[in-house]
Amino acid sequence: MAWYGDNGYFPPYVSVAERKAHGARMLAKLLKKAKRAPEPVVLTSGRRHVATTFWGKAWCENLERYADFANRLPRGRTYVRNGSVLDLAIGKGTVAAYVAGSELYTVTIGIKPLVKTRWRQVVRRCTGRIGSLVGLLRGELGAEVLNVLCDAKEGLFPEPREISLDCSCPDQAEVCKHVAAVLYGVGSRLDQKPELFFVLRQVDQGELIGSATSRAVSRPRKGAAKRLAADKLADVFGIDIVDEPVTARRRKS
C-alpha cells in the first residue's frame, strides 16, 4: 500500500519475486512477436562471484578498474544475482537486455569495434603462443598472453569511451542499477559462451590461432618441393614415379 510522509509520496512495496513475475509476463508478450525465447542471466544459487571463468572474470574486472563504473556497479550485482536480468542477447557491438524493476526496463549497450591497428598488434604479440581455439576460449593461456589480452590500453577489453549506455528507466545516472546489472550479466554470459566476446568486439578469434601456426605452415619440409614436382609429372604422364634410394643416387654421382 502506498503512503505519504514528510518527504513526499512513497509507492507500495513490491517484492523482488513479484517484480520478476510481472516483468516475465510483459517480456513474454514482447518476445512472442519476435518469435524467440528469453535468455535470462541465471547464477547458481549461493555462488559468490558473478563470473568464474577467465573471460567472464576479465570482463568484470575490466569494468571495475574504471571509476566511471565502479561507484555504480555494486547495485547492479544485487540485481543480477537475484535474477532480475530476464533477457540478455549479445550481438556485433551490442548488448540488448530486459531488466525487471518497478517496470520492465529496456537496456541497450553499444561497444565500438576494436580498432584494427590495436587488434593487429594483439595478434602479432600472441603469435606462436596460443595452441588451440579450445585453449583460448577456456582461458588456458600463458601469463604473457594473458597480459597482452587484458592490457588496459592495448588489450581486447573496452574502455569507458568505447561504451555507450542506455536504459528506459527514469534514473538520470548513466550507469543506473539496471545498466550495471546488464554489464555484470555480460560477464556471466561469457562464462557460458566465451566466443560471444569476439562477436561483441567484432574480431575473428581464429586469427589468434592462425598466428600460432603461420610460421610452421610457411616453412615447408625439406624435399617437399621435389616430391610435389614428381607428383605433378605422375599426373601428366599417367605413371607412378618411385623415388630412388639415396644410396643409388650416390653411386651414379
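Structure first, text after, so check above.
Note that the structure is predicted; figures quoted are calculated from it, not measured.

Observations concerning the overall build of the chain
(1) Moving on: Across its full length, the chain carries twelve helices and six strands.
(2) Moving on: Taken over 253 residues, the chain has a buried fraction of 39%.
(3) Moving on: In the chain, once contacts between residues fewer than 6 apart in sequence are set aside, the share between residues at least 24 apart is 72%.
(4) Moving on: Summed over its atoms, the accessible surface of the chain is roughly 15,400 Å², and 54% of this surface lies on carbon and sulfur atoms.

Here we look at the environment of G206
(1) Moving on: Residue position: G206 is located in helix α10 (residues 206–218).
(2) Moving on: A C-alpha to C-alpha distance of 9.8 Å links G206 and L136, two positions 70 residues apart in sequence.

Some details on the pattern of salt bridges
(1) Moving on: Per the stated rule, a full pass over the model turns up 13 salt bridges.
(2) Moving on: For K153, the salt bridge is made with E159, and the minimal N-O distance between the two is 3.6 Å.
(3) Moving on: We classify E159 as buried; its relative accessible area is 5%.
(4) Moving on: One network of salt bridges, in which partners are shared, links R118, K153, E159, R161, E162 and R201.

Brief notes about the side chain of E159
(1) Moving on: Along the chain, E159 turns up in the loop between α7 (143–150) and β6 (163–167).
(2) Moving on: One polar contact links E159 to R118, side chain to side chain, over a distance of 3.4 Å.
(3) Moving on: Setting aside its immediate chain neighbours within four residues, E159 contacts Y66, R118, A152 and K153.

Concerning the layout of surface pockets
(1) Moving on: Roughly 170 Å³ of internal volume is contained in the second largest pocket.
(2) Moving on: What lines the second largest pocket is R48, H49, V50, A51, K57, C60, E61, E64, R77, R81 and Y184.
(3) Moving on: For the lining of the second largest pocket, the secondary-structure elements that each account for two or more residues are α2 (54–64) and α4 (73–81).
(4) Moving on: At four residues, α2 tops the list of elements feeding residues into the lining of the second largest pocket.
(5) Moving on: Among the residues forming the lining of the second largest pocket, the class breakdown is four nonpolar, one polar and six charged.

Section: the packing of α4 against helix α8 (residues 177–192)
(1) Moving on: Two numbers describe how α4 lies on α8: the axes approach to 7 Å, and their chain directions differ by 70°. Comparing their axes, α8 and α4 come out roughly perpendicular. Relative to α8, α4 is oriented so that their crossing is right-handed. Residues L73, R75, G76, R77, Y79 and V80 of α4 form the contact with α8, whose participating residues are K177, H178, A180, A181, L183, Y184 and G185.
(2) Moving on: Partitioned by chemical class, the residues of the contact of α4 with α8 number seven nonpolar, three polar and three charged.

A word on unusual backbone geometry
(1) Moving on: One non-glycine residue with positive phi stands out, namely K35, at about 60°.
(2) Moving on: Assignment of secondary structure puts K35 in the loop between α1 (16–34) and α2.
(3) Moving on: Residue classification places K35 among the exposed positions, given a relative accessible area of 77%.
(4) Moving on: Despite not being glycine, Q202 has its phi angle at roughly 60°, a positive value.
(5) Moving on: For Q202, the location among the structural elements is in the loop between α9 (196–201) and α10.

Overview of the packing of aromatic side chains
(1) Moving on: Evaluation of the coordinates by the stated rule reveals six aromatic pairs.
(2) Moving on: Here F157 and F197 contribute two aromatic rings whose centre-to-centre distance is 4.7 Å and whose plane-to-plane angle is 45°, an arrangement assigned as tilted. Highlighted residues: F157 in the loop between α7 and β6 and F197 in helix α9, separated in sequence by 40 residues. Here the two residues F157 and F197 agree in accessibility, since each one is buried.
(3) Moving on: Three or more aromatic residues joined by ring pairs make a cluster, and in this case those are F54, W55, F157, F197 and F198.

Considerations on the sheet that holds strand β3 (residues 85–91)
(1) Moving on: Here we have four strands laid out as an open sheet, ordered β3-β4-β5-β6, and antiparallel in their pairing. Strand pairing shows two members of the sheet lacking a second neighbour, β3 and β6, which therefore form its edges. For this sheet, the mean angle separating the axes of adjacent strands, direction not counted, is 10°.
(2) Moving on: Inspection of the sheet shows strand β4 (residues 94–100) paired to strand β5 (residues 104–111) by seven bridges, in the antiparallel sense. Across the sheet, residue T94 finds its bridge partner in β5, namely G110.
(3) Moving on: Across the sheet, α8 touches β3, β4, β5 and β6, and the angle it forms with β3 is around 65°.

Rules used in this analysis
- Residues numbered from 1 in each chain as written.
- Predicted model: local features only at pLDDT ≥ 70, side-chain atom pairs only at ≥ 80, totals over all residues.
- Heavy atoms only, no water.
- Helix = DSSP H or I, 4+ residues; strand = E, 2+ residues; numbered from the N terminus.
- Buried < 20%, exposed > 50% of the residue type's maximum accessible area, 1.4 Å probe, protein only.
- Contact = heavy atoms within 4.5 Å.
- Areas by Shrake-Rupley, 256 points an atom, 1.4 Å probe, with all protein chains shown as cover.
- Salt bridge = Lys/Arg side-chain N within 4 Å of Asp/Glu carboxyl O.
- Polar contact = N/O pair within 3.5 Å; in protein donor to acceptor, adjacent residues only side chain to side chain.
- 1 Å grid on protein atoms, 1.4 Å probe; cavity = no way out; pocket = protein on both sides within 12 Å on 5 of 7 lines; lining within 4 Å.
- Points joined across faces, edges and corners; volume = space filled by probe spheres on them.
- Nonpolar A, V, L, I, M, F, W, Y, C, P; charged D, E, K, R; others polar.
- Axes fitted to C-alpha atoms, helices over the stretch in contact; angles between N-to-C directions.
- Parallel < 35°, antiparallel > 145°, perpendicular 65-115°, else oblique.
- Left-handed = near helix turned anticlockwise from the far one by under 90°.
- Phe/Tyr/Trp six-rings, centres within 6.5 Å; stacked < 30°, edge-to-face > 60°.
- Pairing = 2+ DSSP bridges.

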